[in-house]
Amino acid sequence: MTPHRKQATTTMALTMVAFALFVAVLFMVFFRVLGARAEPIAPGAIHVIDGDTIAVGPERYRLVGFDTPEAGPRARCPAERALAAQATQRLRRLVAAGGLDLAEVDCRCRPGTAGTPRCNHGRRCGRLTAAGRDVGELLIAEGLAQPYLYDPAHPAPPADWCGR
């Protein structure tokens, strides 16, 4: 085999490997997007725990993208406790109205902790929409939640609901 032909064969082999990797990545992205697709869910299948946590059967879901005030003993003041009750009631009304879709999403926890109490208190993560609108966006617009994107490397301090 001549050096020129050997180089052409090597180049073609590398091109084919690169193409195969490209197709594999597209395949993974395509199925990851499909896997995150929201599925319709009946209002009666959802039990609202608080303003940003629901249960579907035995599974609890932390709804992502927003944070609501803490209730009960975790509340830092009476105003936070009252806002937590309002957020919970509003989420219950949104769920009762129907038109729901729930998509399970990545919790973005530290590697190796997904599904354990060290990741989101053992809850799964999800996005819930009602009539095509993200419930978190609705609660934020109504002043009952704040935007919240979890970053395991830089956890945000709790929101100050008491100074409102």
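Up top is the structure these notes are about.
One numbering rule holds for all chains: residues counted from 1, following each sequence as written. Residues qualify for local features only when their pLDDT is at least 70, as the model is predicted, and side-chain atom pairs are given and counted only at 80 or more; totals for whole chains, interfaces and linings, by contrast, use all residues. Only hydrogens and water are removed before side-chain values are computed, so all heavy atoms of the structure are retained for them.

## Structural notes on the overall build of the protein chain
Using the following cut-off: Elements are defined by DSSP. Helices are runs of H or I of four residues or more, strands are runs of E of two residues or more, and each kind is numbered from the N terminus. Buried, partly exposed and exposed residues are distinguished by accessible area as a fraction of the type maximum, computed with a 1.4 Å probe on protein chains only: under 20%, between the cut-offs, and over 50%, respectively. Whether two residues touch is decided by their heavy atoms; if any such pair falls within 4.5 Å, the residues are in contact.
Helix and strand content of the protein chain: three helices and nine strands. Mapped from its N terminus to its C terminus, the protein chain presents α and β elements in the order α-β-β-β-β-β-α-β-β-β-α-β. Burial statistics for the protein chain: of 164 residues in total, 32% are counted as buried. Of all intrachain contacts in the protein chain linking residues separated by at least 6 positions in sequence, the fraction that spans at least 24 positions is 65%.

## A word on the side chain of arginine 123
Put simply, the rule reads: Positive residues here are Lys and Arg, negative ones are Asp and Glu, while His and the chain termini are left out of the count. For this analysis, a salt bridge means a side-chain nitrogen from Lys or Arg found within 4 Å of a carboxyl oxygen belonging to Asp or Glu.
Residue position: arginine 123 is located in the loop between strand S6 (100-105) and strand S7 (124-130). It turns out arginine 123 is buried and unbridged, and the closest side chain with the opposite charge, aspartate 52, is 4.8 Å from it. Among residues more than four places away in sequence, those in contact with arginine 123 are Thr53, Arg60, Arg62 and Cys107.

## Some details on helix H2 (residues 78-97)
Rule in force here: The span one expects for a helix is its residue count, reduced by one, times 1.5 Å. Here the arc refers to the set of directions running from the helix axis out to each C-beta atom.
Relative to the 28 Å expected for 20 residues at 1.5 Å per residue, H2 spans 29 Å between its end C-alpha atoms, a close match to the ideal helical length. All of the buried residues along H2 are Glu80, Leu83, Ala84, Ala87, Thr88, Arg90, Leu91, Leu94 and Val95. When H2 is viewed along its axis, its buried side chains cluster within an angular range of 165° and face the same direction. For H2, exposure combined with an orientation more than 90 degrees from the buried face picks out Pro78, Ala96 and Ala97. The inward-facing, buried residues of H2 abut strand S2 (46-50), strand S3 (53-56), strand S4 (59-63), S6, S7 and helix H3 (135-141). Looking one or two places after H2, you find glycine 98, whose phi comes out positive at around 85°.

## Comments concerning the nonpolar core
How we decide: Joining through side-chain atoms within 4.5 Å is the link that ties buried Ala, Val, Leu, Ile, Met, Phe, Trp, Tyr and Cys residues into a set, and such a set is a nonpolar core.
Ranked by internal contacts, the top residues of the largest apolar core, which has 23 residues, are Ile46, Ile54, Leu63, Leu91, Leu128 and Val135. Looking at this core, the elements with two or more residues in it are S2, S4, H2, S6, S7 and H3. Here this core takes five residues from H2, the largest share from any one element. Once residues within four sequence positions are removed from consideration, leucine 63 is found in contact with Asp52, Ile54, Leu91, Leu102, Gly126, Leu128 and Val135.

## Quick notes on the pairing of S2
Stated precisely, the cut-off is as follows: The pairing criterion for strands is at least two bridges between them, as found by DSSP.
Bridge count for S2 against S3 is four bridges, and the pairing is antiparallel. What sits directly across from valine 48, in S3, is isoleucine 54. Joining the antiparallel neighbours S2 and S3 is a turn of two residues.

## A few points about the side chain of arginine 90
With respect to the helices and strands, arginine 90 occurs in helix H2. Contact partners of arginine 90, with chain neighbours within four places excluded, come to Leu139, Glu142 and Leu144.

## Let's talk about the environment of valine 135
Mapping valine 135 onto the fold places it in helix H3. Look at valine 135 and you get buried, because its relative accessible area is 1%. Those residues in contact with valine 135 that lie beyond four places of it in its chain are Leu63, Phe66, Leu91, Leu94, Leu128, Thr129 and Ala130.

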